[in-house]
Amino acid sequence: RNAGAAVTVNSTSQTYPVDRWSCTGQATDGVYTAQQSTDAPAGFVNSIKITVTTADSSIGATQTYSMRQRVEGSNIADLGWGTVNAQSVTISFRVKSSLTGTFGAAIFNSAGDRCYPFSYAINSANTWETKTVTIAGDTTGTWLTTTDIGLQLNFSLGAGSTYLGTAGAWTSTLGVGVTGQVNLIGTLNATWYVTGIQLEKGTVATPFEYLDYRDWET
């Protein structure tokens, strides 16, 4: 998608820089671009690159800037979320940014009434780092197992207080990031890259699963 060309995100509508991953922002205030980049860590060919082109250093309480993937319910049916048999999941990814500090992300359901905010630290600027987060399965709430949205994995690029929560606990309030997080959108020309994102059942991050292109297409 887009053949590596940058797309401008200046709307609350979903904008896709690459397949499956969408970006959202605001119609006013901050603006950023998103694109496929050949800057990637060993073992990977590409990444998603975010670049802030208009900073928003005073984010409104209800404003959000995000990159996310909506996972079809049929692909999470085996997790058993919303039941006593809910399974833990582990998220692993490679990330780098021109900024350092605590960044925020979250998993939430289609209704937005079950949410798990989590944080990850970027320790060194402009350096690829591997992050791993394990989340205990949610035993309550409604998690669709149909062809509708099962869960959403959201990386926050900036958010106001209404949509920030405490990291590391399930909540019935929608959040896209964590309280005290670094808001990338607040710094002009700031960059953030991510690749190798893997969400899998269990409490251990396994090596990234490289699928044959034909299998990925199906």
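For the structure, check the block above.
Rules used in this analysis
Residues numbered from 1 in each chain as written. Predicted model: local features only at pLDDT ≥ 70, side-chain atom pairs only at ≥ 80, totals over all residues. Heavy atoms only, no water. Helix = DSSP H or I, 4+ residues; strand = E, 2+ residues; numbered from the N terminus. Buried < 20%, exposed > 50% of the residue type's maximum accessible area, 1.4 Å probe, protein only. Pairing = 2+ DSSP bridges. Polar contact = N/O pair within 3.5 Å; in protein donor to acceptor, adjacent residues only side chain to side chain. Contact = heavy atoms within 4.5 Å. Salt bridge = Lys/Arg side-chain N within 4 Å of Asp/Glu carboxyl O. Axes fitted to C-alpha atoms, helices over the stretch in contact; angles between N-to-C directions.

Novice: Sorry, what's going on with the environment of Val7 here?
Specialist: Tracing the backbone through its elements, the reader meets Val7 in strand β1 (residues 7–9). With a relative accessible area of 14%, Val7 lands in the buried category. On a C-alpha basis, the gap between Val7 and Asn189 in space is 15 Å, while along the polypeptide they are 182 residues apart.

Novice: Help me understand the pairing of strand β2 (residues 15–18) in this model?
Specialist: In regular strands, side chains alternate between the two faces of the sheet. Inspection of the sheet shows β2 paired to strand β3 (residues 21–24) by two bridges, in the antiparallel sense. For Thr15, the partnering residue across the bridge sits in β3 and is Cys23. Between the antiparallel neighbours β2 and β3 lie two residues, among them Arg20 with a positive phi of about 80°.

Novice: What am I meant to see in the side chain of Asn154 here?
Specialist: Turning to its location among the elements, Asn154 is positioned in strand β11 (residues 149–159). At 2.9 Å, the side chain of Asn154 and the side chain of Arg68 are in polar contact. Each residue touching Asn154, except ones within four places of it in the same chain, is listed here: Ser66, Met67, Arg68, Ala105, Ala106, Phe108 and Val176.

Novice: Would you mind going over the pattern of salt bridges with me for this structure?
Specialist: Think of it this way: side chains of opposite charge can pair up when their charged atoms draw near. If you walk through the whole model with that rule in mind, you get five salt bridges. A salt bridge links Lys96 to Asp39; the shortest N-O distance between them is 2.8 Å. Separated by 57 residues along the polypeptide, Lys96 in strand β7 (residues 89–97) and Asp39 in the loop between β4 (31–37) and β5 (47–54) bring together distant segments of the chain. By relative accessible area, Lys96 is classed as buried at 11%. Residues Asp78 and Lys201 are paired through a salt bridge, measuring 3.4 Å at the closest nitrogen-oxygen approach. Taken as a pair, Asp78 in the loop between β6 (64–72) and β7 and Lys201 in strand β14 (residues 191–201) lie far apart in primary sequence, 123 residues in all.

Novice: Honestly, unusual backbone geometry in this entry has me stumped. Any pointers?
Specialist: Generally, phi is negative for residues other than glycine and the peptide bonds are trans, each holding for most cases. One non-glycine residue, Arg20, lies in the positive phi region at around 80°. For Arg20, the position within the fold is in the loop between β2 and β3. Residue Arg20 is classed as partly exposed on the basis of its relative accessible area of 48%. Backbone geometry at Asp29 places phi at a positive 75°, although glycine is not the residue there. With a relative accessible area of 40%, Asp29 lands in the partly exposed category.

Novice: Whenever I open this one, the sheet that holds β14 confuses me. Can you help?
Specialist: For sheets, the rule is that strands pair by backbone hydrogen bonds, running either parallel or antiparallel. Pairing is antiparallel in the open sheet, where six strands are placed in the order β1-β4-β5-β14-β7-β10. This sheet does not close on itself; its edge strands, each paired only once, are β1 and β10 (129–135). Going across the sheet, the axis of each strand differs from the next one's by a mean of 30°, ignoring polarity. Note: β5 against β14, four bridges, orientation antiparallel.

Novice: Help me out: how do you make sense of the sheet that holds β2 in this one?
Specialist: The sheet built from six strands is open, its strands ordered β2-β3-β6-β11-β8-β9 with antiparallel pairing. Across the chains shown, the open sheet's two edge strands, defined by having one partner strand only, are β2 and β9 (115–122). Neighbour to neighbour, the strand axes of the sheet diverge by 30° on average, direction disregarded. For strand β8 (residues 101–109) and β11, the ladder comprises five bridges, and the chain directions are antiparallel. Across the sheet, residue Phe108 finds its bridge partner in β11, namely Gln152.

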